[in-house]
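Read off the chains here:
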Amino acid sequence: MFILFGTRGLKHEVKESPVLSNSCPNCKEGNLVNKLYRRWFTLFFIPVIPLDVVDRFYECDNCKSAYNESIKTVLQQSQQEITENQKNAQRAYAKALIAAMTHMAIIDGDFAVEEEREIMDALQGFPDIKDELTEIHQKVKEQGNIDNQVFNYLNEARNQLSSESLINILAQAAVVLLADGAIEKEEENLMKEYLIACGLPKEMYHTLIDKLKQKDMTNIKKEQMN
Ligand SMILES: [Zn+2]
């Protein structure tokens, strides 16, 4: 299923903050200006929930690329360190994604074919670490959240990733929740626990599910018309 979600917000320049001159890693000549950003959770580009998060980030005044505050540290790092950090973040993302999707698939005691298919699709996106992810998938499938393993992966992701990436993980888990057509109470409760674990409001559950369902209905109608 194709879904569009993310966050966006209004930008304000931080007047007192120093500008990082000519240091944009993208265009190599722009100045990085510190800005404030109040986030909204969006679905299909529509802001639906104001998040209690205000981010500071740097925006290039030339090419408009945006970087989070850690760009200051990144500018002091070698290319090798940067690549290493990006790889680690991607691994943390993939591990939390597969663990949460699998956990969501088994929580109602029935591992449906549609659920398995969504997880296999997600696994294909990470060919470099497919073996490691398959192992996590198997372990969670057999043992569930034993030793809190699923939430440990989510915590690891929360330490390394932006709220956009975390919402991405949860929306993919919500796709699994919806995949077999019925929402069990265990699935709803688990999704709320995930939201809390990611530092997001649990009220976001209803918005997330409603929007994904609406999108699903639109797709079905379109398929029927074709
Ligand atoms: Zn630039």
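Residues numbered from 1 in each chain as written. Predicted model: local features only at pLDDT ≥ 70, side-chain atom pairs only at ≥ 80, totals over all residues. Heavy atoms only, no water.

Draft legend 1. Representation of the pattern of salt bridges in the model. Counted under the stated rule, the structure contains 7 salt bridges. The residue Glu132 makes a salt bridge to Arg91 at a minimum N-O spacing of 2.7 Å. In this pair, Glu132 is assigned in helix α4 (residues 130-143) and Arg91 in helix α2 (residues 79-106), connecting sequence segments 41 residues apart. Accessibility expressed as a relative area gives 26% for Glu132, which makes it partly exposed. (Salt bridge = Lys/Arg side-chain N within 4 Å of Asp/Glu carboxyl O. Helix = DSSP H or I, 4+ residues; strand = E, 2+ residues; numbered from the N terminus. Buried < 20%, exposed > 50% of the residue type's maximum accessible area, 1.4 Å probe, protein only.)

Draft legend 2. Region of the structure containing the nonpolar core. One finds Leu154, Ile169, Leu170, Met191 and Tyr194 to be the most contacted residues of the largest nonpolar core, which totals 49 residues. For this core, the elements supplying multiple residues, two or more each, are β2 (32-43), α2, α3 (113-124), α4, α5 (149-160), α6 (163-179), α7 (185-197) and α8 (204-225). Here the element with the most residues in this core is α2; it accounts for 11 residues. Aside from chain neighbours lying at most four places away, what touches Met191 is Met104, Leu170, Ala173, Ala174, Leu177 and Tyr205. (Core = buried A, V, L, I, M, F, W, Y, C linked by side-chain atoms within 4.5 Å. Contact = heavy atoms within 4.5 Å.)

Draft legend 3. Region of interest: the coordination of the zinc ion. Protein-derived ligands of the zinc ion are Cys24 (SG), Cys27 (SG), Cys60 (SG) and Cys63 (SG), with the metal-ligand distances lying across 2.2 to 2.4 Å. One way to put it: the 4 donor atoms around the zinc ion meet at angles of 106 to 117 degrees, and that makes the site tetrahedral. Spacing between the donor residues of the zinc ion along the chain follows C-x2-C-x32-C-x2-C. Separated by 36 residues along the polypeptide, Cys24 in the loop between β1 (5-13) and β2 and Cys60 in strand β3 (residues 46-60) bring together distant segments of the chain. For the residue pair Cys24 and Cys60, the accessibility class agrees, reading buried in each case. (Donors = N, O, S within 2.8 Å, 3.2 Å for Na, K, Ca; no water. Tetrahedral: all angles 85-135°; square planar, octahedral: opposite > 155°, others 65-115°.)

Draft legend 4. Up close: the environment of Ile129. Following the sequence through the fold, Ile129 ends up in the loop between α3 and α4. For the pair Ile129 and Ala94, spaced 35 residues apart in sequence, the C-alpha to C-alpha distance is 8.7 Å. Ignoring any residue separated from it by four or fewer positions in sequence, one finds Ile129 in contact with Arg91 and Ala94.

Draft legend 5. Inspection of α6 at higher detail. Its 17 residues give α6 an end-to-end C-alpha distance of 24 Å, which sits within 8% of 24 Å, the value for a rise of 1.5 Å per residue. Of all the 17 residues making up α6, 13 are buried; the element is thus mostly covered by neighbouring parts of the structure. Gly181 lies just past α6 and shows a positive phi near 90 degrees. (Expected span 1.5 Å × (residues − 1).)

Draft legend 6. Expanded view of the environment of Ala122. Inspection of the secondary structure puts Ala122 in helix α3. In sequence terms Ala122 and Leu97 are 25 residues apart; their C-alpha atoms lie 8.2 Å from each other. Filtering out sequence-adjacent residues up to four positions away, Ala122 remains in contact with Leu97, Ile98 and Met101.

Draft legend 7. Structural detail: the packing of α2 against α6. Where α2 contacts α6, the axes come no closer than 9 Å and their chain directions differ by 25 degrees. In terms of orientation, α2 and α6 fall into the roughly parallel class. Judged by the twist between their axes, the crossing of α2 over α6 is right-handed. Contacts between α2 and α6 pair Tyr93, Ala96, Leu97, Ala100, Met101, Met104 and Ala105 from the former with Ser165, Asn168, Ile169, Gln172, Ala173, Val176 and Leu177 from the latter. Broken down by class, the residue content of the contact of α2 with α6 amounts to 11 nonpolar, 3 polar and no charged. (Axes fitted to C-alpha atoms, helices over the stretch in contact; angles between N-to-C directions. Parallel < 35°, antiparallel > 145°, perpendicular 65-115°, else oblique. Left-handed = near helix turned anticlockwise from the far one by under 90°. Nonpolar A, V, L, I, M, F, W, Y, C, P; charged D, E, K, R; others polar.)

So yeah, pure geometry; function would need other evidence.
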